[in-house]
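The chain contents come next:
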Amino acid sequence: MLENTNVKTLDKVVVRFSGDSGDGMQLAGNIFTNVSAGLGNQVSTFPDYPAEIRAPQGSLGGVSGFQVSVGKGVHTPGDSCDVLVSMNAAALKQNHRFLKPGGVIIVDIDSFRESDLKKAQYATDNPFEELGIKAQIVEVPVTTMTKAALADSGLDNKSVLKCRNIFALGLVCWLFDRPLEAALHHLRKKFAKKP
């Protein structure tokens, strides 16, 4: 698969992380920003907090986001994004309008079950078609892969699920050739008192 990859060099890219309040989208976005700035990129960010305090998980009112523009000639966080990371169906519904035509959406497909679609008020079982999305959709089982990666960590299930944002961060770092060691440095610093 990787041998058929078309690698592009970009001067600037806008990434929008989105998920439930409490999913750690602000943290993932901040670390991606800091790693990019450490590489000499110009950055501009826009945190997008949920409309409701303590909204039910998976609901439209509880979606949180973080948009960052990185590269050369960056003056704003951007009106629209090149890449949208959606951790659930509600985040996709609330944020797909910010994606540039021909952009890329990375979704945690594990969070697109029938019950998730119902909570996010979809009328059909195909959210991408229902929203009229014309983008490259990358379905990643983020929750399943995070659980597998942390199976022997000793963390309880709730703590494991809190790590989904870091898996998504790693994916975006890989996608844009950001050094994972720099992201790990920021994580170690952030959680030094609570490893």
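Position numbers for residues start from 1 in each chain and track the written sequence from start to end. The model is predicted, so local features are restricted to residues of pLDDT at least 70 and side-chain atom pairs to those at 80 or more, both for listing and for counting; the totals for chains, interfaces and linings are taken over all residues. Heavy atoms throughout the structure, all of them, feed into the side-chain values; hydrogens and water do not.

Trainee: Hey, could you run me through the side chain of threonine 146 in this one?
Mentor: What counts as a helix is a DSSP run of H or I of at least four residues, what counts as a strand is a run of E of at least two, and both are numbered from the N terminus. Looking at the element boundaries, threonine 146 is found in helix 5 (residues 142-149). Look past the residues within four positions of threonine 146 in its chain and what remains in contact with it is Val160, Cys163, Arg164 and Phe167. Whether two residues are in contact is decided by their heavy atoms: any pair within 4.5 Å suffices.

Trainee: In this structure, what is going on with unusual backbone geometry? I would like to understand it.
Mentor: Where the residue is not glycine, phi is negative for most of them; where a peptide bond is considered, it is trans in most cases. Even without glycine at this site, glutamine 121 takes up a positive phi of about 65°. For glutamine 121, the location among the structural elements is in the loop between helix 3 (114-119) and helix 4 (127-130). A positive phi angle, close to 55°, is found at aspartate 177, a residue other than glycine. Along the chain, the position of aspartate 177 falls in the loop between helix 7 (164-175) and helix 8 (180-190). Exposure remark for aspartate 177: the relative accessible area of 68% places this residue in the exposed category. The buried label goes to any residue with under 20% of its type's maximum accessible area, the exposed label to any with over 50%, and the partly exposed label to all in between, with areas taken from a 1.4 Å probe on protein chains only.

Trainee: Where do I start with helix 7 in this structure?
Mentor: An α-helical turn contains 3.6 residues, so any two residues separated by three or four positions project in the same direction. How far a helix is expected to stretch is found by multiplying one less than its residue total by 1.5 Å. Between its first and last C-alpha atoms helix 7 spans 17 Å; for twelve residues at 1.5 Å apiece the expected length is 16 Å, and the two agree. Taken together, the buried positions of helix 7 are Arg164, Asn165, Ala168, Leu169, Val172 and Cys173. Where helix 7 terminates, the next one or two residues include aspartate 177, which has phi positive at roughly 55°.

Trainee: Even after reading the chapter, I still don't get the pattern of salt bridges, so can you show me in this structure?
Mentor: Side-chain pairing between opposite charges can occur once the charged atoms of the two side chains come close. The salt bridge definition used is simple: a Lys or Arg side-chain nitrogen within 4 Å of an Asp or Glu carboxyl oxygen. Summed over all chains, the structure comprises six salt bridges. With its nearest N and O atoms 2.9 Å apart, the salt bridge here joins aspartate 108 to arginine 164. Of this pair, aspartate 108 sits in strand 5 (residues 99-108) while arginine 164 is found in helix 7, placing the two residues 56 residues apart along the sequence. We note a salt bridge from arginine 113 to aspartate 116, for which the minimum N-O separation is 3.5 Å. By relative accessible area, aspartate 116 is classed as buried at 11%.

Trainee: Any chance you could explain the sheet that holds strand 4 (residues 81-86) here in plain terms?
Mentor: Whether parallel or antiparallel, the strands of a sheet pair through hydrogen bonds between backbone atoms. Spatially, the six strands line up as an open sheet ordered 2-3-1-4-5-6, and their pairing is mixed. This sheet does not close on itself; its edge strands, each paired only once, are strand 2 (42-48) and strand 6 (136-140). Recorded for the sheet is a direction-independent mean angle of 15° between the axes of neighbouring strands. Relative to strand 5, strand 4 runs parallel, the two being bridged by five bridges. Bridge pairing in strand 5 places valine 83 opposite valine 104. Every angle, taken between N-to-C directions, lies between 0 and 180 degrees, and every axis is a line fitted to C-alpha atoms, over only the stretch in contact when it is a helix. Most of the contacts of helix 1 (residues 25-38) go to strand 3 (residues 63-71), to which it runs at about 10°, and overall it touches strand 1 (12-20), strand 2 and strand 3. Here, strands pair whenever DSSP counts at least two bridges between them.

Trainee: Sorry, what's going on with the pairing of strand 3 here?
Mentor: In summary, the side chains of a regular strand alternate between the two faces of the sheet. Most of strand 3 sits inside the fold, with nine of its nine residues counted as buried. By the alternation rule, side chains of strand 3 split into Val63, Gly65, Gln67, Ser69 and Gly71 and Ser64, Phe66, Val68 and Val70, which are all buried. With nine bridges connecting them, strand 1 and strand 3 associate as antiparallel partners. By the bridge assignment, valine 13 is partnered in strand 3 with valine 70. In this structure, strand 2 lies alongside strand 3, joined through seven bridges in antiparallel fashion. Within strand 3, the residue paired with aspartate 48 across the bridge is glycine 65.

Honestly, that's just the spatial picture; any functional story needs more than this.
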